[in-house]
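Close look at the chain arrangement
The chain contents come next:
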Amino acid sequence: MITSNDMPLASKPLNRAAHRRTDETWLDAAFQRDDVLVFLMQNGSPLMEGQASPPLSAGARVAPNPRGLVWLGADAARFANGAKRIFMGEDKRGTPIFALCVPEQFTLAGTLLEGAGEFEDMRAAAAALSALEANLVSTARSISEWHRGHGFCARCGSRSEITEAGWKRVCPACEAEHFPRTDPVAIMLPIKGDQCLLGRSAGWPDGFYSCLAGFVEPGETVEQAACREVEEEAGVICQPESVDYLFCQPWPFPSSLMVGLHMVADTMEIEIDPKEIEDARWFSRDEVVAMIAGEHPDAYCPPPFAIAHHVMKAWVEA
Ligand SMILES: [Zn+2]
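This one's a predicted model, so the numbers in the text were calculated from it and none came from an experiment. (Residues numbered from 1 in each chain as written. Predicted model: local features only at pLDDT ≥ 70, side-chain atom pairs only at ≥ 80, totals over all residues.)

A few words now on the overall build of the chain. Counting its secondary structure elements, the chain contains 6 helices and 14 strands. For 318 residues, the compact-globule estimate of 2.2 N^0.38 gives 20 Å, and the chain sits close to it at 21 Å. The principal-axis extent of the C-alpha atoms belonging to the chain is close to 60 × 45 × 35 Å. Among the 318 residues that make up the chain, the fraction classed as buried is 39%. In the chain, 67% of the contacts between residues at least 6 apart in sequence involve partners at least 24 apart. (Helix = DSSP H or I, 4+ residues; strand = E, 2+ residues; numbered from the N terminus. Rg over C-alpha atoms; globule rule 2.2 N^0.38 Å. Buried ≥ 20, exposed ≤ 12 C-beta atoms within 10 Å, placed from the backbone. Contact = placed C-beta atoms within 7 Å.)

Listed below in C-alpha cells is the structure:
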C-alpha cells in the first residue's frame, strides 16, 4: 500500500533540525562550511542544471526529462546579499542544506553561475527532479512565497522581520509572531459501484480530468469539506462517514496540503456549478485504468507527481 512517504514532493524528507533555527551563530558558521550545500530560488522557481523546460500546464501529458538542481558550496555566500536564507535541515551525514532566495532583479549573467543552469518553472521542476530535491524545492517555494506575500504584520501593519532561519516572521512593533501557512485541501474520488466521479476546470486541455478538490473551511473536518465540495461542484451527495483517508501530499502552489480521499457516493445525478468546474463525469474502473496508462481514447489524468494520480490508482488497484 502506497503511503504519504511515497508521494512525490513529500518523499525522503531531511532531518529539519529545527533546534538549529534559533542558533544564529551556528547558522552563520554552517553557511560558510566547506561541505555546505546551497540551492538558489527566484520567485518560487529553483535554479536547475541545463536549459529550462517550458512551463508545465496542469494537464501536461509529457513529463520533462530528469534533471538536477545546481548545487553551490561555500561560494553561495557571494549571492547572499539581498537574498533570503532558509535553513532546510541536515542530511544523514550532518551536512547543512540551505535555500537562498535571490531577489527579483538578480540575474545569473556575469556571475560564476552564468551558463550553469536556469530558474525553472516549479511544476516542470517538480516533475523532473529526484524525490529529495523535489521535496527541498517544494518546501523552499512554500516558505519563500509566504515571505513574498507576508512582509507586513497582519495585526498592526508594520513591516515584519524574518527570523528562525526563515521559518518565522516577527513584528518589531507589536511583537506578533507569524508562521508559514499550510492550507489543507480535500482531494477526493467519489465512488459508486464500478464507477468514480472526475471533473475538469475551464481552461484545462481537452480530455484532461482529475479528482475534485477544495479547501477545508474553518470549523469543518476534512471529511465534511470533501462532501460539501462534491455536492457544490457536481451535485453528487456523499456522507462524511463514508470517507476513507489514503495519504497526503505537500503541494507548493502556493502552500497546500492535499489530503487524498476515497468516498462512497449516494447519488449519481450530476449538476455542475459552472462557476467552479466545466464538467464532471462518471468513469468506469476500466476507463480509469486506461487513463492512467495513457490509453483512453478521449480522456487522460494527472501525471504521477500529482496526488490525484495516486488517488485514482489506489482505487483501480484495490
Ligand atoms: Zn505588528
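There is more to say, and it comes next.
Attention shifts here to the sheet that holds strand 6 (residues 161–163). The strand order across the open sheet built from 3 strands is 6-7-8, with neighbouring strands paired in antiparallel fashion. Edge positions in the sheet fall to strand 6 and strand 8 (177–178), since each has one partner strand and no second. Where strand 7 (residues 168–170) meets strand 8, 2 bridges bridge the pair, whose relative direction is antiparallel. When the bridges of strand 8 are listed, Arg 169 appears paired with His 178. (Pairing = 2+ DSSP bridges.)

All right, on to the pairing of strand 13 (residues 256–264) then. Of all 9 residues making up strand 13, 7 are buried, and the element is well covered by its neighbours. Pairing analysis gives 9 bridges linking strand 9 (residues 183–192) to strand 13, with the strands arranged parallel. Bridge pairing links Ala 186 to Val 259 in strand 13. Linking strand 12 (residues 244–251) back to strand 13 in an antiparallel pair, the connection comprises 4 residues.

A few words now on the environment of Val 230. Counting through the fold element by element, Val 230 comes out in helix 4 (residues 222–234). For Val 230, a count of 25 C-beta atoms within 10 Å puts it in the buried group. With 194 residues separating them along the chain, Val 230 and Val 36 place their C-alpha atoms 47 Å apart.

Once the domains are mapped, the chain shows domain 1 (4–149), domain 2 (151–181) and domain 3 (183–317). The partner domain 2 presents 7 residues to the 11 residues of domain 1 that form the contact. Partitioned by chemical class, the residues of the side of domain 1 that touches domain 2 number 5 nonpolar, 3 polar and 3 charged. (Domains from an automatic or database assignment. Nonpolar A, V, L, I, M, F, W, Y, C, P; charged D, E, K, R; others polar.)

Let us look at the environment of Lys 275. Relative to the helices and strands, Lys 275 is located in the loop between strand 13 and strand 14 (279–284). Along the sequence, Lys 275 and Ala 202 sit 73 residues apart, while their C-alpha atoms lie 9.2 Å from each other.

Turning next to the nonpolar core. Residues Ala 186, Ile 187, Met 188 and Cys 211 are the most contacted members of the largest nonpolar core, which totals 83 residues. Counting contributing residues, this core receives three or more from each of domain 1 (4–149) and domain 3 (183–317). Discounting chain neighbours no more than four positions away, the residues touching Met 188 are Cys 211, Leu 212, Ala 226, Val 230, Leu 261 and Met 263. (Core = buried A, V, L, I, M, F, W, Y, C linked by C-beta atoms within 7 Å.)

Turning next to the pairing of strand 12. With 6 of its 8 residues buried, strand 12 lies for the most part within the structure. Pairing of strand 12 with strand 13, which is carried by 7 bridges, proceeds in the antiparallel orientation. Within strand 13, the residue paired with Phe 247 across the bridge is Gly 260.

With that settled, consider helix 4. In a regular helix each residue adds 1.5 Å, so 13 residues correspond to 18 Å; helix 4 covers 18 Å between its end C-alpha atoms and thus fits that length. Within helix 4, the full set of buried residues consists of Glu 223, Ala 225, Ala 226, Cys 227, Glu 229, Val 230, Glu 233 and Ala 234. Summarising the contacts, the buried residues of helix 4 are in contact with strand 9, strand 10 (195–200), strand 11 (212–215), strand 13 and strand 14. Once helix 4 finishes, Gly 235 follows within two positions and takes phi at roughly 75°, a positive value. (Expected span 1.5 Å × (residues − 1).)

A few words now on unusual backbone geometry. With an omega dihedral of 0°, the bond running from Phe 253 to Pro 254 counts as a cis peptide bond. Looking at the element boundaries, Pro 254 is found in the loop between strand 12 and strand 13. Positive phi outside glycine occurs at Ala 165, with the angle close to 55°. Mapped onto the secondary structure, Ala 165 falls in the loop between strand 6 and strand 7. Phi at Glu 175 takes a positive value of approximately 70°, unusual for a residue other than glycine. Relative to the elements of secondary structure, Glu 175 occurs in the loop between strand 7 and strand 8. Since 10 C-beta atoms lie within 10 Å of it, Glu 175 is described here as exposed.

Turning to the sheet that holds strand 3 (residues 84–90), a few remarks are in order. Spatial strand order, 3-4-1-2-5: 5 strands in an open sheet with mixed pairing. On the outer flanks of this sheet lie strand 3 and strand 5 (117–119), each paired with one strand and no other. Direction aside, neighbouring strands of the sheet carry axes that sit 30° apart on average. The pairing of strand 1 (residues 37–42) with strand 2 (residues 45–49) spans 2 bridges and is classified as antiparallel. Each residue of the ladder has a partner; that of Gln 42, found in strand 2, is Ser 45. Its contacts with the sheet put helix 3 (residues 131–149) on strand 1, strand 2, strand 3 and strand 4 (96–102), and the angle it makes with strand 3 is roughly 145°. (Axes fitted to C-alpha atoms, helices over the stretch in contact; angles between N-to-C directions.)

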